[in-house]
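Remarks on the overall topology
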Amino acid sequence: MSEVKIAASTRTEFGKGAARRIRRANQVPGVLYGHGSDPIHLTLPGHELLLALRTPNVLISLDIDGKTSELAIPKDVQRDPLKGFLEHVDLQLVQRGEKVSVEIPVHTEGELAPGGNLLEHVLNALPVEAEATHIPESVTVSVEGLEAGASVLAKDIPLPKGTTLTVDGDAVVLQVLAAQAEEPAADAEAGDEAAEA
């Protein structure tokens, strides 16, 4: 897991007007919370934060006002629905050695059995608990040769050492669906054409 260092500053201005001014300066308003401490309102550099958030569950080392250093993981990221820029970020305070609950992306590899079957991702991300400094970026599942009706359960997915499931092991993560036959629709059109003639 990658750790990204970001310099942040505390902010004292709040409200929509202050948030707009922060965003106009290519920065992002955020809140750091956790461990029973009072929330800390921050201003973070927009470009650096955007790059860091490309990695799921990235561990961010915050240098706050050049005085304190804190570790955090992103918990909620708000983006502009049209332009995609960052509007606000919630960061959860973590400590080395602490276990945190996160969702890690599920990737697949391999080809399904021949026959035009479809792979459905029932869960796009797997809920797990992992040590804050060793959160896996993703898990990869082989779907090689799976046929229609087959499914992959959460307990079937190999997890890195120190990572445990926080979802029922029998939860379906992936399932293979049979391809829908298109012949009946073609027959119906032929019947319509015959009726019109």
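Above: the structure in question.
Computed from a predicted model, the values in this text were never measured in an experiment. (Residues numbered from 1 in each chain as written. Predicted model: local features only at pLDDT ≥ 70, side-chain atom pairs only at ≥ 80, totals over all residues. Heavy atoms only, no water.)

1. Considering the overall build of the protein
Rule in force here: Going along the chain from the N terminus, every DSSP run of H or I of four or more residues is numbered as a helix, and every run of E of two or more is numbered as a strand. Here the radius of gyration uses the C-alpha set of atoms, whereas the globule reference equals 2.2 Å times the residue count to the power 0.38. Buried means the residue's accessible area, taken with a 1.4 Å probe over protein chains only, is under 20% of the maximum for its type, while exposed means over 50%, and partly exposed covers the values in between. Contact between two residues is taken to exist if any of their heavy atoms lie within 4.5 Å; hydrogens are not considered. Within this scheme the basic residues Lys and Arg register as positive and the acidic residues Asp and Glu register as negative, but His and the chain ends are omitted. In this description, the location of a charge corresponds to atom NZ of lysine, CZ of arginine, CG of aspartate or CD of glutamate.
Helix and strand content of the protein: 3 helices and 13 strands. Here the C-alpha atoms of the protein give a radius of gyration of 23 Å, more than 25% beyond the 16 Å that 2.2 N^0.38 yields for 197 residues. Each of the 197 residues in the protein was classed as buried or not, and the buried ones make up 35%. For the protein, restricting intrachain contacts to residue pairs at least 6 apart in sequence, the fraction spanning at least 24 positions comes to 64%. When the 16 basic and 31 acidic side-chain charges of the protein are each reduced to a single mean position, those positions are 18 Å apart.

2. Here's the deal with the pattern of salt bridges
Side chains bearing opposite charge may pair, as long as their charged atoms lie close to each other. Using the following cut-off: Here, a salt bridge means any Lys or Arg side-chain nitrogen found within 4 Å of an Asp or Glu carboxyl oxygen.
Inspection of every chain in the model, using the stated rule, returns 1 salt bridge. The partner of K155 in a salt bridge is D170, and the shortest N-O contact between them spans 2.7 Å. A residue pair is termed long-range when its members are at least 10 positions apart, and K155 in the loop between β11 (151-153) and β12 (164-165) and D170 in the loop between β12 and β13 (172-177) qualify at 15 residues. Note on D170: relative accessible area 45%, which makes it partly exposed.

3. Considerations on the sheet that holds β11
Put simply, the rule reads: Whether two strands pair comes down to DSSP finding at least two bridges between them. Working convention: axes come from line fits to C-alpha atoms, limited for helices to the stretch in contact. Angles between N-to-C directions cover 0 to 180 degrees.
Strand order in the open sheet formed by 3 strands is β8-β13-β11, and the pairing between neighbours is antiparallel. A single partner strand is all that each edge strand has here, and the edge strands are β8 (118-121) and β11. Ignoring strand direction, the axes of neighbouring strands in this sheet form an average angle of 15°.

4. Let's talk about the sheet that holds strand β7 (residues 99-109)
Overall, mixed pairing links the 4 strands, which are arranged β10-β7-β9-β12 in an open sheet. Edge strands, defined here as strands with exactly one partner in the open sheet, are β10 (139-142) and β12. Relative to β10, β7 is paired through 4 bridges, and the arrangement is parallel. Note that in β10 the partner of E109 across the bridge is S142.

5. Topic: unusual backbone geometry
With a phi angle near 60°, N26 is a residue other than glycine that sits in the positive phi range. Here N26 lies in the loop between α1 (16-24) and β2 (27-34). Classification of N26 as exposed rests on a relative accessible area of 61%.

6. Topic: α1
Stated precisely, the cut-off is as follows: The directions considered for the arc run from the helix axis to the C-beta atoms.
If you check which residues of α1 are buried, you get A18, A19 and I22. Considered in projection along α1, the buried side chains sweep an arc of 100° and stay on one side of the axis. Those residues of α1 that are exposed and aimed more than 90 degrees away from the buried face are K16 and R24. Elements in contact with the buried residues of α1: β2 and β3 (37-45). Looking one or two residues past α1, N26 carries a phi angle of roughly 60°, positive in sign.

7. Observations regarding the environment of N124
If you trace the backbone, N124 turns up in the loop between β8 and β9 (125-131). Linking N124 and V173, residues 49 residues apart in sequence, is a C-alpha distance of 7.6 Å. Once you skip the residues sitting within four places of it in the chain, N124 turns out to touch I104, P105 and V106.

8. Examining the pairing of β13
A regular strand places its side chains so that they alternate between the two faces of the sheet. In this structure, β8 lies alongside β13, joined through 4 bridges in antiparallel fashion. In the strand pairing of β13, L119 is matched with V176. Looking at chain direction, β11 and β13 are connected through 3 bridges and run antiparallel. Looking at β13, one finds that S151 is bridged to Q175.

From the geometry alone we can't say anything about function, so treat these as descriptive.
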